[in-house]
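Residue strings, one per chain:
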Amino acid sequence: IAIILFIIETCAAAPPALPAAPATTMAFVVSMEQPSTHRFHVVLRCDGLEGETQDFKMPVWSPGYYVIMDYPKNVLNFRAADDAGRALAWEKASKNVWSVKSRGAAAVTVSYDVYAFRLFCAESYLDDRQAFIHPPSVCMHLAWRIAHPVTVRVEPAPGWSTISTGLERVEGEPRPFFAPAFDVLYDSPILVGNQRILTFYARGVPHELVGAELAAIDSAKVVSDLARMVESSADLIGEIPYRRYVFMHIGRGGGGLEHANSTAIAFDPAELDSAAGYRD
C-alpha cells in the first residue's frame, strides 16, 4: 500500500510532459507571378531529415470529396536540391510519388509548377482575376509524415493584396499560415486576389463571406441571413466547433465543398436579385 501511495503522489506532483517539438520543419512558398499562364510555383523546404531517400507524395484525394483525383498530372518541372543548392537526383516512383536521392542531406528543397485551369471546388484555379488554391492539388508531403506541422507562405500576384483562408496566421508575419498537420492544410482552401470581405458574427464567433464578384449583392441582407443560418445550426448541434469560418465564393457555377472551418462555393451572384434565385 505504501508503494502504491508513493507512486500516486509522485505522479500527481509531476507536471504533465509537454509534446516534443518536431525534429524536422516543413515550409511551403506558393507564388503566382504570371497568372495568365495558369501556373502556381511551389517550393517546399524540409529540414532535419535523415536517410538516403525522401519520398514526396501528391494526394489523389480531397477531404469531403469522395472521388479519386489525378492531381499529379498537373505537376510540372519538378526539381530537388540539398541545402547547398546542389541538384539531387530523383525518379517518379509511382503515379503520385517523387523519390529524391537525398544522400543523407539534412535539408531538401523541392520545387515544381502546378497547372491550374479548372474552376471547381475540388481543384485549383488561377487566372488574371484571382487564385483558388485547393491544397491537396498543390502541396506535396513527405511519405509517412502527413501528421507533421507545416507552414505556407502565399505570395500574391502583382497587384493583388488579399488572402482568405480558414488557416491560422503565423503570429507577427503578414502572409505565412500554419497547420498543425497536413490533414488540416488539405482541408483549408485559400482564395487570393482583391476579393471583397464581408464580416459578421454568430454567437460571438467571426465569420467571413469573401469573393471577387460580391460588389453588387445586398450585403446587409446576405450576412444577416447567413448569421441566422449559422445560429440555427448551432442550436441544433449544440456548439460552434471552430474559432473562425470563411464562406468562400470561388466563381460562377454550381455546388460547393465543405471544410472544417470554411466552404468553397460556386454560384452566380446575379441570381440573388430574384426571390427564387436568392432562396436557391
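An account of the accompanying structure is given in this report. Residues take numbers from 1 onward in each chain, read along the sequence in its written order. With pLDDT at 70 or above as the cut-off, local features in this predicted model cover only qualifying residues; side-chain atom pairs require 80 or more to be listed or tallied, and sums for whole chains, interfaces and linings still use all residues. Calculated side-chain values reflect all of the structure's heavy atoms, with hydrogen atoms and water omitted.

Focus: the sheet that holds strand E4 (residues 75-82)
- Two strands are said to pair when DSSP picks up at least two bridges between them. What counts as a helix is a DSSP run of H or I of at least four residues, what counts as a strand is a run of E of at least two, and both are numbered from the N terminus. Read from one edge of the open sheet, seven strands run E4-E7-E2-E1-E11-E14-E13, paired in mixed fashion. Each edge of the open sheet carries a strand with a single partner, namely E4 and strand E13 (168-169).
- As paired strands, E13 and strand E14 (residues 176-179) are joined by two bridges and run antiparallel to one another. Bridged to Arg169 within E14 is Phe177.

Comments concerning the sheet that holds strand E18 (residues 245-251)
- One open sheet holds the five strands; their spatial order is E16-E17-E18-E20-E19, and the pairing between them is mixed. Pairing within the sheet leaves two strands with one partner each, and these edge strands are strand E16 (196-202) and strand E19 (256-258). Shown here is a sheet whose adjacent strand axes are inclined to one another by a mean of 15°, direction ignored.
- With five bridges joining them, strand E17 (residues 205-211) and E18 adopt parallel strand pairing. Looking at the pairing, Gly211 lines up with His249 of E18.
- Most of the contacts of helix H3 (residues 219-237) go to E16, to which it runs at about 40°, and overall it touches E16, E17 and E18. Axis definition: a line fit to C-alpha positions, over the contact stretch in the case of helices; interaxial angles, taken between N-to-C directions, run 0 to 180 degrees. In what follows, a contact means two residues having at least one pair of non-hydrogen atoms within 4.5 Å.

Points about empty space enclosed by the protein
- Here the term cavity refers to a set of points on a 1 Å grid, laid over the protein atoms alone, in which a 1.4 Å probe fits but cannot get out; the term pocket refers to an open set having protein on both sides within 12 Å along at least five of seven lines, with lining residues being those that place an atom within 4 Å of a point. Grid points are joined across faces, edges and corners, and a volume is the space filled by probe spheres set on the points. In the structure shown here, the tally under the stated rule is one cavity of 30 Å³ or more.
- Empty space within the largest cavity amounts to approximately 30 Å³.
- A breakdown of the residues in the lining of the largest cavity according to their chemical character gives eight nonpolar, no polar and no charged. Here the term charged refers only to Asp, Glu, Lys and Arg, the term nonpolar to Ala, Val, Leu, Ile, Met, Phe, Trp, Tyr, Cys and Pro, and the term polar to all other amino acids, Gly among them.

Side note on the pattern of salt bridges
- What counts as a salt bridge is simple: a side-chain nitrogen of Lys or Arg found within 4 Å of a carboxyl oxygen of Asp or Glu. All chains considered together, the criterion is met by 15 salt bridges.
- Between Asp70 and Lys95 there is a salt bridge, and its shortest N-O distance comes to 3.9 Å. With a gap of 25 residues between them, Asp70 in the loop between strand E3 (53-57) and E4 and Lys95 in the loop between strand E5 (90-94) and strand E6 (97-101) connect regions that are remote in the sequence.
- Overall, the relative accessible area of 34% leaves Asp70 in the partly exposed class. Remark: exposure states derive from per-residue accessible area (1.4 Å probe, protein chains only) relative to the maximum for the residue type, with buried under 20%, exposed over 50%, and partly exposed in between.

Side note on the pairing of E3
- On E3, burial follows the alternation: Gln54 and Phe56 on one face are buried, whereas Thr53, Asp55 and Lys57 on the facing-out side are not.
- When E3 meets E6, the two strands line up antiparallel, connected through five bridges. Bridge pairing in E6 links Phe56 to Trp98.
- In terms of strand pairing, E3 meets strand E10 (residues 141-142) through two bridges, oriented antiparallel. Bridging across to E10, Lys57 finds its partner in His141.

What to know about the packing of aromatic side chains
- Side-chain rings of Phe, Tyr and Trp (the six-membered ring for Trp) are treated as a pair once their centres are within 6.5 Å; stacked means planes under 30 degrees apart, edge-to-face means over 60, and tilted covers the remaining angles. Under the definition given, this model contains 11 aromatic pairs.
- Judged by centre distance (6.4 Å) and plane angle (20°), the ring pair of Phe200 and Phe247 falls under stacked. Residue Phe200 is located in strand E16, and its partner Phe247 is located in strand E18; the two are separated by 47 residues in the primary sequence. Here Phe200 and Phe247 have matching classes, each one buried.
- Clustering of aromatic rings is evident, with ring pairs tying together Phe28, Trp61, Phe182 and Tyr186.
- Whether a charge lies above a ring is judged from NZ of Lys or CZ of Arg, which has to be within 6 Å of the ring centre and within 35 degrees of the ring normal. Lying over the aromatic face of Phe120, Arg118 brings its terminal NZ or CZ to 4.3 Å of the ring centre.

Let's talk about the environment of Lys57
- Residue position: Lys57 is located in strand E3.
- Measuring from C-alpha to C-alpha, the distance between Lys57 and Trp144 comes to 9.5 Å, with 87 residues separating the pair along the chain.
- Not counting the four nearest positions on each side in its chain, Lys57 is found in contact with Asn96, Val97, Met140, His141 and Ala143.

A closer look at the environment of Phe78
- With respect to the helices, strands and loops of the structure, Phe78 is situated in strand E4.
- Placed 110 residues apart in sequence, Phe78 and Ser188 show a C-alpha to C-alpha distance of 24 Å.
- Phe78 has contacts with Trp90, Trp98, Val100, Val110, Ser111, Tyr112 and Met140, leaving out every residue within four places of it along the chain.

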